[in-house]
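In case you want the letters, here they are:
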Amino acid sequence: MNISYNWLKDYISLDLSPEQTAAALTAIGLETGSISEVESVKGGLKGVVVGKVLTCIDHPNSDHLHITTVDLGDGIPQQIVCGAPNVAAGQTVVVATVGTTLYSGDESFVIKKSKIRGEESNGMICAEDELGIGNSHDGIIVLPDEVKVGTPAAEYYRLESDFVLEVDITPNRIDAASHYGVARDLAAYLAVNQTDPSLHRPSVETFRIEDPSPAVTVSVENTEACPRYSGVTIRNITVKESPDWLKKRLEAIGLRAINNVVDVTNYVLHETGQPLHAFDLRQIKGGKIIVKTLPADTPFVTLDGIERRLSDKDLMICNEEGGMCIGGVFGGLDSGVTETTTDVFLESACFHPTWIRKTARYHGLNTDASFRFERGADPNNTLYVLKRAALLVQEVAGGVITGNIQDVYPQPVSCPIVELKLQKVTDLIGKDIPTDTIEHILDRLEIRIVKKHADGWTLEIPTYRVDVTRDVDVIEDILRIYGYNQVEIDTTLQSTLSYQTAVDKSYALQNLISEQLTGAGFNEILNNSLTSATFYNDLTTFPATQCVKLRNPLSADLDVMRQTLLFGGLQSIAYNRNRKNTDLKFYEFGNTYTLTEPAGNSLDSIREQFALGLWLTGNTVDDSWIRPTEKTSIYELKAYIENIMARLGVKYKYKIPTATDSITLSDAISKSGGDAISKNGNDALSNALTIESMSGKKLGVFGVVSKQILKQFDIAADVFFAELSWDALLKEHRQTKVRQTAISKFPAVRRDLALLLDKHIPFADVEKIAFQTDRKVLKEVFLFDVYEGKNLPEGKKSYAVGFILQDEEQTLNDRQIENLMTRIQKTIEDKLGAILR
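Residues numbered from 1 in each chain as written. Predicted model: local features only at pLDDT ≥ 70, side-chain atom pairs only at ≥ 80, totals over all residues. Heavy atoms only, no water.

## Considering the nonpolar core
In plain terms, the rule: Take the buried residues of types Ala, Val, Leu, Ile, Met, Phe, Trp, Tyr and Cys, join any two whose side-chain atoms come within 4.5 Å, and each joined set is a nonpolar core. Relative accessibility thresholds used throughout: buried, under 20% of the residue-type maximum; exposed, over 50%; partly exposed, between the two (1.4 Å probe, protein chains only). Secondary structure elements are taken from DSSP: a helix is a run of H or I of four residues or more, a strand is a run of E of two residues or more, and numbering for both begins at the N terminus. In this description, contact between two residues means that some pair of their heavy atoms is separated by no more than 4.5 Å.
Counting residues in hydrophobic clusters, the biggest one holds 76 residues, and the most contacted among them are Leu346, Val474 and Ile478. Residue contributions to this core peak at ten residues, all from helix H10 (residues 382–397). Residue contacts for Leu346: discarding those within four places in its chain leaves Ser230, Gly231, Val232, Ile234, Thr265, His277, Ala278, Leu386, Ala389, Ala390 and Val393. Counting residues in each nonpolar core, the second largest holds 33 residues, with Leu315, Ile317, Cys318 and Ile356 among its members.

In structure tokens:
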């Protein structure tokens, strides 16, 4: 928000420089990002002085130029060639000296020593438009003779530079979104820390109803959306260009002057923080204003000439025939003030923040008015602001204030009451601030002490301080004005030995896994926890009924909390693919949110889980002289998952599909005990496989993202995705015990079996039965080949299975090996109906 330094001084007796003012504002939480100088005349007329024409003769080589000698006050007359028809000896003129920069719009030129038609010229005698102080170019400026030669032109014209402070207002400090609001805070700070400056609020004592004739009346049908509506009629005004003082104030903060009436409403908005609107009285059909909503899809043309379709939640300011303005957001095309307007109705209202925010987001509008109403306007300030604006309109446009003030305020808002304990002030601030200092701070902040108790005070908070509702808010204000830098830091340090919390351990493990994945070529991504509800339509894995919906979403694309990390990663993949970056490995740590009770409204009905997501797409290896192109696959993703499990020391298994599940991928996943990847009822991932702990608790799921979902994101490539429950993994990790085991002195032996089995039998069954047969000598069972095709009976497949045998106490002999392999073979044949090939 832009704050004019000169404008600020209208309300506070300020002797600080702009830089010191910026530092003071930053100290009280109104952080000032930059200071920029604003000149009423571009260049500030630097190098332009008052001169006296001593001589003036015709130029020998021109029929319209003159050669003059001009006294610039430095005792050295300068020869200047001038083409103005009105130049003459004895005149007092304005001269741009050599080296001066003059501006014409966005262009500039420097006055140089030159020759014009063979005669030397050391400057330029200026006209109004050449200096930027007027539009006339009929001739040079001729000043009164009594003006002293050598006087800087800036001094003669009383040019005043202004400084604009860019103040960053936090969303809760809407009370400081005006020049008077900033002045009020600054005065409180200076009163405690430096001088005690006077704070001046413009008076409205001279406001009078000059014509009691009936004027516009107001009816508010929706008092929830509009708690207070005030207005007054002014007749017989003259709409014209604003006076210079008003234009300068607005232009200093970057606003364009429109006309005197509209400029007053903008001026008062930035003075007080209260938005206003001026209606052309001719457009108020029936002489009545009605504040209400209109039916959905009602067309309405706003001030920018765009026809918008209204929502049934848009609060409208209407006449008896239709809408004139979107309340608190944007005016209508036909109801505003124009040059032909002679009578106006001034509106000063208070609108509900939620209603304004929804309307502004719905129409994609962000105005000075909506910015303030969204954050909370003061309902008890509308009358003062209305009177202030009416008096200013009379000052710049004339007119007669007609009829009674219309003020609809059915449920007046009282000042909040806060109980403040003085000991709590000391405890939270860390310093015992004198009681009289605290009283002085509260008085300057307009927080009234209603009653004093033995241990504290009862306080009445002004209604414009929407951010102060608790005692800690008051204490924050006390510290802010007292000065953070005045709270000394003790030279002694009192501390206790720190210890690792569960959060610390989780964060350390996250870094460990992040480093592992980054080393494997992954990039970490971070996506918004807010997402679109449309992603969950028609899904059963992540049903839309379990989405946590936002009551006041910023947009339709950010209206629910994410149930899964999947969609954010797909958006990142689509973004990269659109920029020709197609070989991608992503991972993300983030929270997911699920509504466990669809009808629930409390936090207890929301399950929040921390998860780790992995995405693979594109090629693992690009074509090169040593290796051909190799596409990424579900098996590669599975390997990364297994490496994560190994790094965390988590034992796991894959959920075995039933015989009726559709097995669409080979169940020869890896030698680590993977089983067939099946649908498992997951409609977000095809060929999804669930990962479980040894006790059966779900640790995660992985698979191929379904084509239907990829189509939503315009991704024309396979994407492999895994989502692991980090919370569940941590629980399993805590149970991990690291043991040291010496490498066996005795050699391991490998034996292989080629088994003919029914197609529906997964390898996991073979592995399970083998380990049930022997757990002492049998160390590992792995699958190294699968064959399905001709020369095999129908409905059969061939597994080539490897077995690693090793005794920790002795070397195995052939008899022991053969006996064990015979038992394993027979058990598999008996239980699975296998045939040795």
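## Points about unusual backbone geometry
Despite not being glycine, Leu45 shows a phi value in the positive range, around 55°. You can see Leu45 is positioned in the loop between strand E2 (32–38) and strand E3 (48–58). For Asp538, which is not a glycine, the phi torsion comes out positive at approximately 65°. Looking at where Asp538 falls in the secondary structure, it is placed in the loop between strand E29 (530–531) and strand E30 (548–549).

## Observations concerning the packing of aromatic side chains
Using the following cut-off: Aromatic pairs are defined between Phe, Tyr and Trp rings, using the six-membered ring for Trp, whenever the two ring centres lie within 6.5 Å; interplanar angles under 30 degrees are classed as stacked, those over 60 as edge-to-face, and all others as tilted. A ring has a charge above it when a Lys NZ or an Arg CZ is no more than 6 Å from the ring centre and no more than 35 degrees off the ring normal.
Under the counting rule described, the total for this entry stands at 20 aromatic pairs. Measuring from ring centre to ring centre gives 5.1 Å for Phe535 and Phe713, while their planes differ by 40°; the resulting arrangement is tilted. Of this pair, Phe535 sits in the loop between E29 and E30 while Phe713 sits in the loop between helix H17 (707–712) and strand E39 (719–725); the two residues are 178 residues apart in sequence, bridging distant segments of the chain. An identical accessibility class is assigned to Phe535 and Phe713; each is buried. Of the aromatic side chains, those joined through ring pairs into one cluster are Phe522, Tyr587, Phe589, Phe610, Tyr640 and Trp726. When the ring centre of Tyr464 is taken as reference, the NZ or CZ atom of Arg184 above it lies at 3.9 Å. The ring of Phe784 is capped by Arg750, whose NZ or CZ atom sits 5.0 Å from the centre of that ring.

## Digging into the sheet that holds E30
What counts here: DSSP calls a pair of strands paired once it identifies at least 2 bridges connecting them.
Taken in spatial order, the three strands of this open sheet run E29-E31-E30, and their pairing is antiparallel. Of all strands in the sheet, those bounded by a partner on one side alone are E29 and E30.

## Some details on the sheet that holds strand E43 (residues 835–836)
The strands that make up a sheet are held in pairs by hydrogen bonds between backbone atoms, and each pair lies either parallel or antiparallel. For clarity, the cut-off: Between N-to-C directions, angles span 0 to 180 degrees; the directions come from axes that are lines fitted to C-alpha atoms, helices contributing only their stretch in contact.
In spatial order, the strands read E41-E42-E40-E43; together these four strands make up an open sheet with antiparallel pairing. Edge strands, defined here as strands with exactly one partner in the open sheet, are strand E41 (778–787) and E43. Two elements, strand E40 (residues 749–758) and strand E42 (residues 796–805), share ten bridges in a ladder whose sense is antiparallel. Across the sheet, the residue bridging to Arg750 is Ile804, located in E42. Where helix H19 (residues 763–773) meets the sheet, it contacts E40, E41 and E42, and its direction lies at approximately 155° from that of E41. Each of E40, E41, E42 and E43 is contacted by helix H20 (residues 814–832), which is oriented at about 15° to E40, the strand it contacts most.

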